[in-house]
Amino acid sequence: MISSHPSSQQPVAEPGTGEVRIGMPVARVDGRLKVTGQALYSAEYAAPDLAYGVVVNSTIARGRIVRLDTAAARAVPGVLDVLSHENRPKVRSMDLFYKDMTAPGGSPFKPFLDAEVHYSAQPVALVVAETFEAARAAARLVAIEYEEQPHETNPVANLSRAHEPSRLKAGYSPPPKPRGDADAAWDAAPVKIDATFYSGVEHHNPMEMHASTVIYGEDGHLTIYDKSQGSQNCRWLVSRVFGLSKDQVTVRNPFVGGAFGSGLRPQYNLLLATMAALHLKRSVRVVLTRQQQFTFGHRPETWQRVKLAADADGTLRAVVHEAIAETSRFEDYVEVVVNWSGQLYQCDNVRLKYQLVPLDQYTPIDMRAPGAAHGVYALEIAMDELAYALHMDPLALRLKNYTEHDASKDLPYSTKELRACYEKAAERFGWSQRPPAPRSMRRGRELVGWGMATGIWDAMQMFARARAVLHADGRLVVGSAATDIGTGTYTAMSLLAADALGLPLEQVSFMLGDSDLPVAPIEGGSSHMATIGSAVAGACEKIQRELWQLARKVQGAGFEGARFSEVEFAGGAIRLRMRPEVALPYTQLLARAGRSEIDVKYLLLPNVLKQKKYIRAVHSAVFCEVCVDEELGTVRVTRVVSAVATGRIISARTARSQITGGVVWGISQALHEETHTDHALGRFMNHNLAEYHVAANADIPDIDVIFVHEDDRIVSRIGAKGVGEIGIVGTAAAVANAIFHATGKRLRSTPMTPDKVM
Ligand code: MOS
């Protein structure tokens, strides 16, 4: 399956791109396929026997279905079946296994398990028809009667019910134990602030809707195209739920049109499309609508309190950070909200608390920089408030409390160039020209404000395999069941491999998005570069070593006795570092050896013993300018400078796009995004892009991204850490702090809409 000639669906660099080096800003290798419509997404795969499923969602938030009348729906010409809890196929394992690899602690919701309704817009029926139009028309005719029970969807009204999460998730770090005595230190300190923050619900709104096309093979094999951040996670869940062996199911996601965390868990479209395909023994597609995008996970509504205290010289004396977020009744969705506050600054007295309120709501799900996007937002606004209380520059306050090691774990950072981020971004922004007092800058009718904030996110590495095949024609094909949710995985991995072997980029292709490829984790947590990238580098080094062994056997070529450290790989050839005229092209080497290919596999296991001696994190410094029209309450972000320290940059252009995208979302979070719940109905109301506002082009200014040099060989053998999440962290706080500087009005809740600004 790793052949030397890429198919028309396989991204490959444009001819003539030539040799590339790590860190170069190459164009996306998948760019042409995407902009010409040749890249197929999950809802675009065809099958001759394809049927279409449309999901019916509950209209109540809690209760039971007492009658489900499908007669009218079934009478619509072309309708094949209506599946629900009443007639779903009996698969014993379906009642047992539902935990995907990313599921939070608790008992996952199982669609069509029984008549119970646990949340508004829960999927309760699937209409399957010969055409999408028939299925959609029939879906409206499914008549459902409910026995309603009282529901509770308002976390703020239920703060008293908050409790520590009892059902934890692997990999989640609960808040560390208190250090020092934060409350006593706060009481005793001369300068202090105490602030509460509120962040509304946000929903992922990727361009591509969640969809599954299940192609039912003649032998009953299922080939499933699913919009997902992990093909193998989907295969695992589908095979467990429906009692199929691993080789009866292939899941593919070669192109994903944005996901941001919404594709970390397999969504109900996957399970329902598969259920229908197995039941009808034919291919089935289920595409969720934009409205249904709001039915399977969100960034949780979060209430926070931050208390900070300092000596008169700005030395932090106390940090208290408490957060209460919502979760469902059946799972404890946990994210790291408050821990960053014990990590980012030097402080001897820290108390952190994180609690959940279970509601009659679907379980929240990770959304770009889960936890940090809320927690660091609150901390960084509080730091700004403290700076004003101290009559100190906000940047100077951060530098005053800068720390080189993590006090909660008493460990050094593997690398931490946050200080350089502050310096470079401040200089580029012109921060030294900032008048300290609020309301001191004006441009026409608008007030102008400058604000800044810090960002932090973990640098993670997981385990993965990669396979690399160097073909006799000199093409290199590398593969791993990784994902590219728009992040640039294809490009970055191709670039890494081309650099390792000194090949023109167009002679290299990277295969991903197929559960049959070597094992890879979900694309999440900004861990893909450090993980898959290291596996790719490891596989390429194995190819290098095989080429070296072959070269040493070629008599008279000049490689006899050469050590591996004495050779290099460039121009499609192995050559002696000190005598580059001694060279053998790979094509010649393989031909002489009578080999059609060199085929290697590599297993990347993180060096946990080494890694656990360090704190591994990425950092950012975000500076922002806003213009505020006080009469209209409008805020325009006019400039952003974000300097990030994220390890070695492998693919400069796609990495920059990741940070830019994060900043865009930070601005959107700050000013636009909120899902409103009607608590009487227990239902999200503005579930469409007309009423759920996301930043548009006109809302986004020039974004200046600075990569501060880091090379972290503890996080990964390639020196990379990860750029996915950090762009959003701190951005909303920088906007809020700039609004305060412009207007003197302190806003502590997102989004900062005109009603709050006026
Ligand atoms: Mo990210 S929220 O791990 O897709």
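The shown structure was predicted, so the numbers you read here are calculated from the model rather than taken from an experiment. (Residues numbered from 1 in each chain as written. Predicted model: local features only at pLDDT ≥ 70, side-chain atom pairs only at ≥ 80, totals over all residues.)

Student: Account for the overall build of the protein chain, with residues named and values stated.
Tutor: On a plain count of helices and strands, the protein chain comes out with 16 helices and 33 strands. Here the C-alpha radius of gyration of the protein chain, 27 Å, is about what a compact globule of 758 residues would show, namely 27 Å. Projected onto its principal axes, the C-alpha positions of the protein chain cover 80 × 75 × 50 Å. Put simply, the protein chain has 758 residues, and 56% of those count as buried. In the protein chain, 82% of the contacts between residues at least 6 apart in sequence involve partners at least 24 apart. (Helix = DSSP H or I, 4+ residues; strand = E, 2+ residues; numbered from the N terminus. Rg over C-alpha atoms; globule rule 2.2 N^0.38 Å. Buried ≥ 20, exposed ≤ 12 C-beta atoms within 10 Å, placed from the backbone. Contact = placed C-beta atoms within 7 Å.)

Student: Outline the nonpolar core, supporting the account with residue identities and numerical values.
Tutor: With 170 residues, the main nonpolar core has Leu 308, Ala 468, Leu 496, Ala 497, Val 536, Val 735 and Ile 739 as its most contacted residues. Looking at which domains feed residues into this core, each of domain 1 (371-460 + 608-758) and domain 2 (462-605) gives three or more. Not counting residues within four places of it along the chain, the set of residues in contact with Leu 496 comprises Ile 22, Gly 533, Val 536, Ala 537, Ile 650 and Ile 718. Among the nonpolar cores identified, the runner-up in size contains 60 residues, and Phe 112, Ile 224, Cys 234 and Val 238 belong to it. (Core = buried A, V, L, I, M, F, W, Y, C linked by C-beta atoms within 7 Å. Domains from an automatic or database assignment.)

Student: Residue-level account of the pairing of strand S25 (residues 573-576), with values.
Tutor: Where strand S24 (residues 567-570) meets S25, four bridges bridge the pair, whose relative direction is antiparallel. Residue pairing in the sheet places Ala 570 in a bridge with Ala 573 of S25. Linking S24 to S25, which pair antiparallel, is a turn of two residues; within it Gly 571 sits at a positive phi near 60 degrees. Of the strand pairs in this sheet, S25 and strand S26 (residues 583-585) are connected by three bridges, and their pairing is antiparallel. When the sheet's bridge partners are listed, Ile 574 is paired in S26 with Leu 584. Counting the residues in the hairpin turn of S25 and S26 gives six residues. (Pairing = 2+ DSSP bridges.)

Student: For the domain arrangement of the protein chain, give the residues involved together with the corresponding values.
Tutor: Domain parsing of the protein chain yields domain 1 (371-460 + 608-758) and domain 2 (462-605). Each partner contributes to the interface: domain 1 provides 19 residues, whereas domain 2 provides 15 residues. Secondary structure elements with two or more residues in the side of domain 1 that touches domain 2: strand S20 (446-458) and helix H14 (652-671). Counting residues per element, the side of domain 1 that touches domain 2 draws most heavily on H14, at three residues. Within the side of domain 1 that touches domain 2, the residues separate by chemical class into eight nonpolar, seven polar and four charged. (Nonpolar A, V, L, I, M, F, W, Y, C, P; charged D, E, K, R; others polar.)

Student: Hey, could you go over the environment of Tyr 402 for me, with residue numbers and the actual values?
Tutor: Among the secondary structure elements, Tyr 402 is positioned in the loop between helix H8 (394-400) and strand S17 (405-406). Sequence-distant contacts of Tyr 402, defined by excluding residues within four places in its chain, comprise Gln 346 and Arg 419.

Student: Lay out the packing of helix H11 (residues 528-552) against helix H12 (residues 586-593) in plain terms, naming residues and giving numbers.
Tutor: Remark: H11 packs on H12, axes separated minimally by 10 Å, with the N-to-C direction vectors making an angle of 65 degrees. In the packing of H11 onto H12, the handedness of the crossing is left-handed. Contacts between H11 and H12 involve Leu 547, Leu 550 and Ala 551 from the first element and Tyr 586, Leu 589 and Ala 593 from the second. Residues that form the contact of H11 with H12 fall into these classes: six nonpolar, no polar and no charged. (Axes fitted to C-alpha atoms, helices over the stretch in contact; angles between N-to-C directions. Left-handed = near helix turned anticlockwise from the far one by under 90°.)

Student: Would you mind going over helix H7 (residues 372-390) in detail, with residue names and values included?
Tutor: Relative to the 27 Å expected for 19 residues at 1.5 Å per residue, H7 spans 26 Å between its end C-alpha atoms, a close match to the ideal helical length. The positive-phi residue at the C-terminal boundary of H7 is His 391, with phi of around 55 degrees. (Expected span 1.5 Å × (residues − 1).)

Student: Quick rundown of unusual backbone geometry? Include the residues and the values.
Tutor: With an omega of -10 degrees, the peptide bond running from Thr 750 to Pro 751 counts as cis. Of note, Pro 751 is situated in the loop between strand S33 (749-750) and helix H16 (754-757). In this model, Ala 121 sits at a positive phi of 70 degrees, which is unusual for a non-glycine residue. Note that Ala 121 resides in the loop between strand S5 (116-117) and strand S6 (123-129). The class for Ala 121 is buried, based on 23 C-beta atoms found within 10 Å. Positive phi, normally seen in glycine, also occurs at Phe 260, with a value near 65 degrees. Its location among the elements puts Phe 260 in the loop between strand S11 (249-252) and helix H6 (268-280). C-beta crowding within 10 Å serves as the criterion here: with 27 such atoms nearby, Phe 260 is assigned to the buried category.

Student: If you had to explain the sheet that holds S5 to someone new, which residues and values would you point to?
Tutor: Sheet architecture is open: three strands sit in the order S5-S2-S7, paired in antiparallel fashion. Both edges of this open sheet fall to S5 and strand S7 (143-148), since each of them pairs with a single strand only. Bridge count for strand S2 (residues 63-69) against S7 is six bridges, and the pairing is antiparallel. Residue pairing across strands places Asp 69 opposite Ala 143, the latter belonging to S7.

Student: Hey, could you go over helix H10 (residues 489-501) for me, with residue numbers and the actual values?
Tutor: Here H10 spans 18 Å end to end across 13 residues, near enough to the 18 Å set by a 1.5 Å rise per residue. Of all the 13 residues making up H10, 13 are buried; the element is thus mostly covered by neighbouring parts of the structure. Within two residues after H10, Gly 502 carries a phi angle of roughly 60 degrees, on the positive side.

Student: An account of the sheet that holds strand S8 (residues 191-199) is needed here, citing residue identities and associated values.
Tutor: The five strands are arranged S16-S14-S13-S8-S33 in an open sheet whose pairing can be described as mixed. If you trace the sheet from one side to the other, it starts and ends with strand S16 (350-359) and S33, each paired once. In this structure, S8 lies alongside strand S13 (residues 302-310), joined through nine bridges in antiparallel fashion. Note that in S13 the partner of Thr 196 across the bridge is Arg 305.

Student: Residue-level account of the packing of H14 against helix H15 (residues 731-743), with values.
Tutor: Where H14 meets H15, the axes come as close as 7 Å, and the angle between the chain directions of the two elements is 50 degrees. As summarised for this structure, H14 and H15 are arranged oblique, according to the angle between their axes. Judged by the sense of rotation from one axis to the other, the crossing of H14 with H15 is right-handed. Each of Val 663, Gly 666, Ile 667, Gln 669, Ala 670 and Leu 671 in H14 lies in contact with H15, whose residues at this interface are Thr 731, Ala 732, Val 735 and Ala 736. Considering only residue class, the contact of H14 with H15 consists of seven nonpolar, three polar and no charged. (Parallel < 35°, antiparallel > 145°, perpendicular 65-115°, else oblique.)

Student: Please set out the confidence of the model for the protein chain residue by residue, giving values where relevant.
Tutor: Across the protein chain, pLDDT averages 96, with 99% of residues at or above 70. Prediction confidence for the complex, expressed as pTM and ipTM, is 0.97 and 0.97 respectively. (pLDDT = per-residue confidence, 0-100.)

Student: How would you explain the environment of Lys 424 if you had to name every residue and give the values?
Tutor: Within the fold, Lys 424 resides in helix H9 (residues 418-429). Through-space distance from the C-alpha of Lys 424 to that of Gly 37 is 40 Å; in sequence the pair is 387 residues apart. In contact with Lys 424, not counting residues within four places along its chain, are Ala 643, Ile 706 and Val 708.

Student: For the environment of Ser 657, give the residues involved together with the corresponding values.
Tutor: Among the secondary structure elements, Ser 657 is positioned in helix H14. Sequence separation between Ser 657 and Gly 724 is 67 residues, and the spatial gap between their C-alpha atoms is 9.5 Å.

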